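Analysis of the macromolecular model
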Amino acid sequence: MRQNPSFALTDIGELRRLVDLNPWATLVSHTDEGLVASHYAVLLDDQRDDLTIVGHVGKPDDLIHGLGERELMVIVQGPHGYISPGWYGDVPAVPTWNFVSAHLSGVPELLSTAENLAVLDRLVDRFESRMPQPRPMWQAPNDEAFVERLERGTTGFRLTPSRVVAKRKLSQNRSSEVVETIIAELSGDGPAAQPALAAEMRRALDARRMPEAP
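Notes on the structure follow. Just so you know, these numbers come straight off a predicted model, no measurement behind them.

Concerning helix α1 (residues 12–21)
- By the burial criterion, the buried members of α1 are E14, L15, L18 and V19. With its buried residues spanning 140° around the axis, α1 presents them on a single face.
- For α1, the secondary structure elements touched by its buried residues are β2 (34–44), β3 (53–58), β4 (72–83), β5 (96–106), β8 (163–169) and α6 (195–209).
- Where α1 starts, the residue carrying a side-chain oxygen 3.0 Å from the main-chain nitrogen of G13 turns out to be D11.

Examining the nonpolar core
- Judged by nonpolar contacts, the single largest core of 36 residues is most densely connected at L27, I53, V74, F157, I182, L186 and M201.
- Here the element with the most residues in this core is helix α5 (residues 176–187); it accounts for five residues.
- Among all residues touching L27, those that are not within four sequence positions of it are V36, A37, S38, Y40, V57, H65, L72, M73, V74 and F157.

Regarding the packing of aromatic side chains
- Applying the stated criterion across every chain, the model contains one aromatic pair.
- When the centroid spacing of 6.1 Å and the interplanar angle of 65° are considered together, the rings of Y82 and W97 count as edge-to-face. Of this pair, Y82 sits in strand β4 while W97 sits in strand β5; the two residues are 15 residues apart in sequence, bridging distant segments of the chain.
- Residue classification places Y82 among the partly exposed residues on the basis of a relative accessible area of 32%.
- Between R174 and the ring centre of Y88, over which it is positioned, the NZ or CZ distance is 3.8 Å.

About the cut-offs
Residues numbered from 1 in each chain as written. Predicted model: local features only at pLDDT ≥ 70, side-chain atom pairs only at ≥ 80, totals over all residues. Heavy atoms only, no water. Buried < 20%, exposed > 50% of the residue type's maximum accessible area, 1.4 Å probe, protein only. Helix = DSSP H or I, 4+ residues; strand = E, 2+ residues; numbered from the N terminus. Arc of directions from axis to C-beta. Contact = heavy atoms within 4.5 Å. Polar contact = N/O pair within 3.5 Å; in protein donor to acceptor, adjacent residues only side chain to side chain. Core = buried A, V, L, I, M, F, W, Y, C linked by side-chain atoms within 4.5 Å. Phe/Tyr/Trp six-rings, centres within 6.5 Å; stacked < 30°, edge-to-face > 60°. Lys NZ or Arg CZ within 6 Å of the ring centre and 35° of its normal.

In structure tokens:
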């Protein structure tokens, strides 16, 4: 991902927020057969306060990626959407795409059985907790044997990235008035509406305006 200093996202707190809110990630590796990509949910390591993430892949994806032996790139994609040139007013303009994204790269560490079980448990709790009748991983009719078979079919990993490239392109190069117009369009019911992107742009615009306050 080509970086632009105006759109660079470097704040650890904001990057952690991006990962936490967008756990469905793309895992990319370069192998002898070429590039391979998989899609899995990841979580921030709850024992760390940096950008270390944990997750798992189903076997044999661990072998396909050479997990633990070569560099892995984890792509986290936040809100994104089309920006019409008509939203800029009566000025020369072309369409663009606003987005928030991060590439976390490094050689992952493989987890032990106990660590992998803990990550799987956290993953289930993360998404089941919002269900009307949550089904935790260890709840019947699941039993210990079932959960152990589940774990044996996966490989857990921990990735502390050695390289991070992150970008938050939210029309920072436009005036506050234009950004307000874009937010209104994204918040509406038009064909390009993207409420999540509008909310992210509102958050960034409010932060930009903070130094202006007396």
